[in-house]
Amino acid sequence: MNSTGKLVRESAFNRKRIAVLGAGIMGSSVALFLARKGVEVTLIDAAPRPFSGASRWNEGKIHLGYLYSADPTLESARALLPGGLAFKSLVEELIGSSIDNATTRENDLYLVNRKSVVDAAAMRRYFDTVAQLVRSHPAAKNYLVDVSHSRIEPLSRQELGSLVDTQEIVAGFRVPERSVSTLWVADRYVDALSDEPRIALCMGTKVLGIVPKDTLGHWQVSTEPAPAGTFDFVVNTLWEGRLAVDATLGLKPEPGWSHRYRLSLFVRTSRNLSVPSAVIAVGPFGDIKNYNSQEFYLSWYPAGLIAEGHSILPPSRPSLDDADRDEISAAIARGLCRVLAPAGAVVEAADCTMLGGGWVFALGKGALDDPAATIHRRDRFGIRRYGSYISVDTGKYSIAPWIARRLVEEIG
C-alpha cells in the first residue's frame with residue numbers, strides 16, 4: 001500500500017509544471033535533477049545562453065572551509081564542507097563525464113598577507129582544526145582527491161622567498177583544497193541541458209516578478225519580452241535580482257547583503273608552466289589557479305571589483321569599452337604579479353586572455369579588510385520555501401549541486 005501510494009505521489013509530482021529562474025550552476029543543477037525524475041522544467045534566464053555569468057567566470061574553488069579563517073566559530077567551514085565533498089560525484093552525474101582533467105593537480109597554497117585580517121598563527125590554528133573536520137568526515141575520500149589523511153604543511157622561509165614578495169607575504173601553508181575549471185564545467189552543463197528533452201530553455205528572458213495565479217498555489221511568472229506562463233512550482237535561483245523577485249511576493253530578505261560585480265583573467269599560455277595555485281588571504285587580495293599547466297585564472301580584487309551595492313537590486317554595471325577592459329586586465333596582472341612572482345610567467349606566456357566575471361551575491365555586511373565584517377562568514381545560505389515558491393541562496397559555486405539535490409528530494 002505504501003509502495004502504491006508513493007507511485008501515485010510521484011506520478012502526480014511528475015505532472016507538475018516547474019519554472020526554475022536562473023541558468024547558472026544552481027538553477028541548471030535543479031533543472032537537470034528534476035528532469036531526470038520525469039518532470040517538465042522551464043529554465044528562465046536573461047542571458048542568451050546558460051552559464052553566461054558568475055558560474056562560468058570564477059576560480060572554481062571547491063571549498064572545504066579553509067578560506068574562512070576570519071570566522072573562528074567554524075560555522076562557515078561546517079556549512080560548506082558537505083557540499084564541497086559531494087561536488088565531484090554530483091557534477092559527474094549531471095554532466096555524464098569525469099571532471100578529473102578539469103581539476104587543479106596540486107594542493108592550494110594559502111599565503112598570508114601582512115595586512116591580513118587574520119594573523120599567521122591564528123590562521124595555522126584554524127587550518128589544523130578544519131583539517132581535522134575534513135579528515136573525520138565520512139565522505140572525505142569523495143572530494144576531488146582523497147583528503148581523508150590530509151595535513152597542513154607550512155612553507156619554509158626559503159620556499160616562501162622563491163615565490164612571493166616577503167615584504168607583502170609573511171607566511172604560507174600548503175592546504176588540501178583544489179579547484180575546477182569553470183569554463184570546462186560550464187560547457188559540459190550546457191551540453192547536458194541541450195540533451196535533456198524535459199527542459200525547455202527560455203533564454204533572453206528577464207524575470208520581473210511572481211504573481212499568485214489562484215488559490216490553488218499556482219504562480220504566474222512575469223517576464224519580458226513575454227510572459228513565461230503559469231507554474232505549479234517556482235524555484236528562484238537568481239544571483240542577480242533574486243531579492244527583487246522575492247519582494248514582488250512581499251517576501252523580505254534577511255538584513256545585510258551585498259551585490260558585487262567582479263572581473264578576473266582567464267589565460268591560456270603558449271607552453272606548459274609549473275606554477276602553483278595560490279590564494280592570498282585573508283582580505284581583498286587575489287589568487288591564481290593552474291588547471292592543467294596551460295590554463296590559468298588570475299584575480300586581483302581591488303582591480304576586478306567594478307560595481308558594488310547593498311540595495312535590493314544590484315547597482316548598474318559600468319559599460320566597459322575595449323580600453324577599459326584592457327586597463328582592468330593590466331591592473332589585475334600588475335596587482336597579482338607584484339606580490340606573487342610565478343604569476344609573471346603566466347602573463348608573459350599568455351597566448352589567449354579573456355576578461356570575464358559576473359554578479360556575486362552574499363549575505364553579510366562590511367568590507368573584506370575589516371576583521372569585524374560579517375561578510376567573512378558564509379554559513380547563511382540555503383533554501384527558503386513559501387508553499388510552492390522556493391527561493392535559494394546558493395552561497396558558493398562549490399555547494400550548488402549539493403543544495404540542488406537536497407531541494408529536489410524535498411519537493412519531489
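Predicted model only: the values in this text are computed from it and were never measured.

Time to look at the overall build of the protein. For the protein, the helix and strand inventory stands at eleven helices and 18 strands. Taken over the C-alpha trace, the protein has a radius of gyration of 21 Å; the compact-globule value for 412 residues is 22 Å, and the two agree within 12%. Taken over the C-alpha atoms alone, the protein extends approximately 70 × 50 × 40 Å along its principal axes. Going through the 412 residues of the protein one by one, you find that 56% of them count as buried. Across the protein, every contact between residues at least 6 apart in sequence was considered, and the portion connecting residues at least 24 apart equals 73%. Only carbon and sulfur atoms are counted for the fraction: they give 50% of the accessible area of the protein, which is about 17400 Å². Looking at charge distribution, the protein has the averaged site of its 47 positive side-chain charges lying 4 Å from that of its 45 negative ones.

Another point: the side chain of Glu196. Here Glu196 is to be found in the loop between helix H6 (182-195) and strand S6 (199-202). Residue classification places Glu196 among the buried residues on the basis of a relative accessible area of 10%. Of note is the side chain of Glu196, whose polar atom sits 3.1 Å from the backbone nitrogen of Arg198.

Right, let's talk about helix H4 (residues 120-136) for a bit. Since the α-helix turns once every 3.6 residues, residues separated by three or four places project in the same direction. Spanning 17 residues, H4 covers 24 Å between terminal C-alpha atoms, matching the ideal 24 Å at 1.5 Å per step. Where H4 is concerned, the buried positions are Met123, Tyr126, Phe127, Val130, Ala131 and Val134. Looking down the long axis of H4, one finds its buried residues gathered within 140 degrees of arc, a one-sided arrangement. Looking at the buried side of H4, the elements it contacts are helix H3 (75-95), strand S3 (108-113), strand S5 (169-175) and strand S12 (278-281). Of the residues that open H4, the one with a side-chain oxygen 3.2 Å from the backbone nitrogen of Ala121 is Asp119.

Relative orientation of the contacting elements helix H2 (residues 25-35) and H3 amounts to 60 degrees, with a least axis distance of 10 Å. Judged by the inter-axis angle, H2 sits oblique to H3. At the point where H2 passes H3, the crossing takes the left-handed sense. Touching Ile25, Ser29, Leu32 and Phe33 of H2 are Phe87, Leu90, Glu93 and Leu94, all from H3.

Below, the discussion takes up the pairing of S3. With six of six residues buried, S3 lies mostly within the body of the structure. Every second residue of S3 is oriented toward a common face, with Asp108, Tyr110 and Val112 on one face and Leu109, Leu111 and Asn113 on the other, all of them buried. Note that S3 and S5 share six bridges and pair antiparallel. Opposite Asp108, over in S5, you have Val175 as the bridge partner. The pairing of S3 with S12 spans four bridges and is parallel.

Here we come to the state of the cysteines. Tallied over the full model, the rule gives zero disulfides. Sulfur of Cys337: no disulfide; nearest cysteine sulfur belongs to Cys352 and is 17 Å away. Its relative accessible area of 26% is what places Cys337 among the partly exposed residues.

Now for the side chain of Asp71. Summarising the element assignment, Asp71 is placed in the loop between strand S2 (40-44) and H3. A polar side-chain atom of Asp71 sits 2.5 Å from a polar atom in the side chain of Thr73. With residues up to four places along the chain from it excluded, the contact list for Asp71 reads Ser76, Tyr126, His376 and Arg377.

Along the polypeptide, Glu93 turns up in helix H3. Overall, the relative accessible area of 44% leaves Glu93 in the partly exposed class. Placed 60 residues apart in sequence, Glu93 and Phe33 show a C-alpha to C-alpha distance of 9.6 Å. Here Arg405 takes part through its side chain, which lies 2.8 Å from a polar atom of the side chain of Glu93.

Taken as a whole, this structure holds 21 salt bridges when the rule is applied. In this structure, Arg174 engages Glu159 in a salt bridge whose closest nitrogen and oxygen atoms are separated by 4.0 Å. With Arg174 in strand S5 and Glu159 in helix H5 (residues 157-163), this pair connects stretches of sequence that are 15 residues apart. With a relative accessible area of 26%, Arg174 lands in the partly exposed category. Residue Glu159 is classed as partly exposed on the basis of its relative accessible area of 32%. One continuous salt-bridge network, built from bridges that share partners, spans Lys61, Asp108, Glu177, Asp287 and Lys289.

Thresholds applied
Residues numbered from 1 in each chain as written. Predicted model: local features only at pLDDT ≥ 70, side-chain atom pairs only at ≥ 80, totals over all residues. Heavy atoms only, no water. Helix = DSSP H or I, 4+ residues; strand = E, 2+ residues; numbered from the N terminus. Rg over C-alpha atoms; globule rule 2.2 N^0.38 Å. Buried < 20%, exposed > 50% of the residue type's maximum accessible area, 1.4 Å probe, protein only. Contact = heavy atoms within 4.5 Å. Areas by Shrake-Rupley, 256 points an atom, 1.4 Å probe, with all protein chains shown as cover. Lys, Arg positive; Asp, Glu negative; His and termini not counted. Charge placed at Lys NZ, Arg CZ, Asp CG, Glu CD. Polar contact = N/O pair within 3.5 Å; in protein donor to acceptor, adjacent residues only side chain to side chain. Expected span 1.5 Å × (residues − 1). Arc of directions from axis to C-beta. Axes fitted to C-alpha atoms, helices over the stretch in contact; angles between N-to-C directions. Parallel < 35°, antiparallel > 145°, perpendicular 65-115°, else oblique. Left-handed = near helix turned anticlockwise from the far one by under 90°. Pairing = 2+ DSSP bridges. Disulfide = S-S within 2.5 Å. Salt bridge = Lys/Arg side-chain N within 4 Å of Asp/Glu carboxyl O.

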